[in-house]
Amino acid sequence: MTTTLIDGIGLLYTGDPEREEIPGAALVIEDGLVAWTGPAAEAPDADERVDAGGRAVIPGFVDSHAHLVFAGDRTAEFQARMSGEAYTGGGIRTTVAATRRASEAELATRARALVGEMLAQGTTTVEIKSGYGLSVEHERRSLEIATGLTDETTFLGAHVVPAGTDADSYVRLVAGEMLEACAPYAKWVDVFCERGAFDGDQTREILTAGRKAGLGVRVHANQLTEGPGVRLACELGAASADHCTHLTAADVDALASSGTVATLLPGAEFSTRSPYPDARRLIDAGATVALATDCNPGSSFTSSMAFCVALAVREMRMTPLEAIRAATYGGARALRRTDVGWLRRGARADLVVLDAPSYVHLAYRPGVPLVHQVFHRGLLLEEDIQNHPADVVL
């Protein structure tokens, strides 16, 4: 069994609450797992050695909210928003039409390319939702494609009500035949609980059916307005309530007193010119916060967790430490994972060597490609990750 020592680490951010930062550090990988972390002077011998050259090392990013299986383009919609039009979420149906027309091969190729982008930027775990099929056949197809890319797949048949269908009939379809067809390919169930999408009662019906089918619960909640989504997520024991842009005091209290993670998606606010979530309020209340990209063709077409970290620091009053924690450990909590998101003994050896002395540079130097090396499951990925991600499942 081969062991690999990474030493010469300027600053190791472990993500482990017991010892988050270790200056002048080293790390040992064995059988794809973290076997040891600590000061470089105390490092054990290993079969192979990698010199980090004074660079910082962080856990691989955990992107716990992404929509990667789609076709089409919504550049015109983005341009209209940048010219002053308000975001309403209505463009989802445009992507649904394009996705239904696309072949399975076309969808898989595009989704795989986005995974390659993510890997190249340090994301080593990603959740992928359906939601651009909105029929039994197309939702199942989307999830089947997603299972070839990640272990974290989410059934989002309740994204919006498709054209030509009344809401009550569609909710019955989603909670019945569609769920039955999609559950074998999904780990989670999600609903867009929002004005113009699904109300509280409809959301409860679908999430309850998904939970009975053995799926974990997630909720798109309180993105456009205050509403029942956050408190419903907490009541149902959801792993995460995502967006959390418009919160009442009761919503904040519910998140702080529950195991539901508040997943914030600043790329969506950036792309829609909407108010950013108040991360400071959530953190000060004691809620667990995650950051994710919400990568999708309409409201947040970014695959960069580093960009979201920079936005969180600049626009959401998070410190650099809070932001990197939310993008790694917080994302893992949002997926109820203990094997990723940190670099403690026994965790999966997913890590990123930054071409910088500290993770602070992710916000200090926004937009600069700072990823020097990516290790996934203990293996150093080839330099041209973006164009050769075919054998990697995140």
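Scroll up to find the structure this text is about.
From a predicted model like this one, the values you see are computed outputs, not experimental measurements.

The buried count for strand β10 (residues 216-221) comes to five of six residues, which makes it a mostly enclosed element. Relative to β10, strand β9 (residues 188-193) runs parallel, the two sharing four bridges. Bridge assignment links Trp-188 to a residue of β10, and that residue is Gly-216. Following the chain from β9 across helix α6 (residues 200-212) to the adjacent parallel β10, one finds a crossover that is right-handed. For β10 and strand β11 (residues 240-243), the ladder comprises four bridges, and the chain directions are parallel. What sits directly across from Ala-221, in β11, is His-243.

With that out of the way, let us pick up the pattern of salt bridges. Throughout the structure, instances matching the rule amount to 21 salt bridges. For Arg-337, the salt bridge identified is with Asp-339, shortest N-O distance 2.7 Å. Accessibility expressed as a relative area gives 14% for Arg-337, which makes it buried. We note a salt bridge from Arg-348 to Asp-350, for which the minimum N-O separation is 2.8 Å. A relative accessible area of 3% means that Asp-350 is categorised as buried. Through salt bridges that share partners, Glu-127, Lys-129, Asp-190 and Arg-218 make up one connected network.

Conventions adopted
- Residues numbered from 1 in each chain as written.
- Predicted model: local features only at pLDDT ≥ 70, side-chain atom pairs only at ≥ 80, totals over all residues.
- Heavy atoms only, no water.
- Buried < 20%, exposed > 50% of the residue type's maximum accessible area, 1.4 Å probe, protein only.
- Helix = DSSP H or I, 4+ residues; strand = E, 2+ residues; numbered from the N terminus.
- Pairing = 2+ DSSP bridges.
- Right-handed = clockwise from strand over helix to strand, strands pointing away.
- Salt bridge = Lys/Arg side-chain N within 4 Å of Asp/Glu carboxyl O.

The values reported here are purely geometric and, on their own, carry no functional implication.
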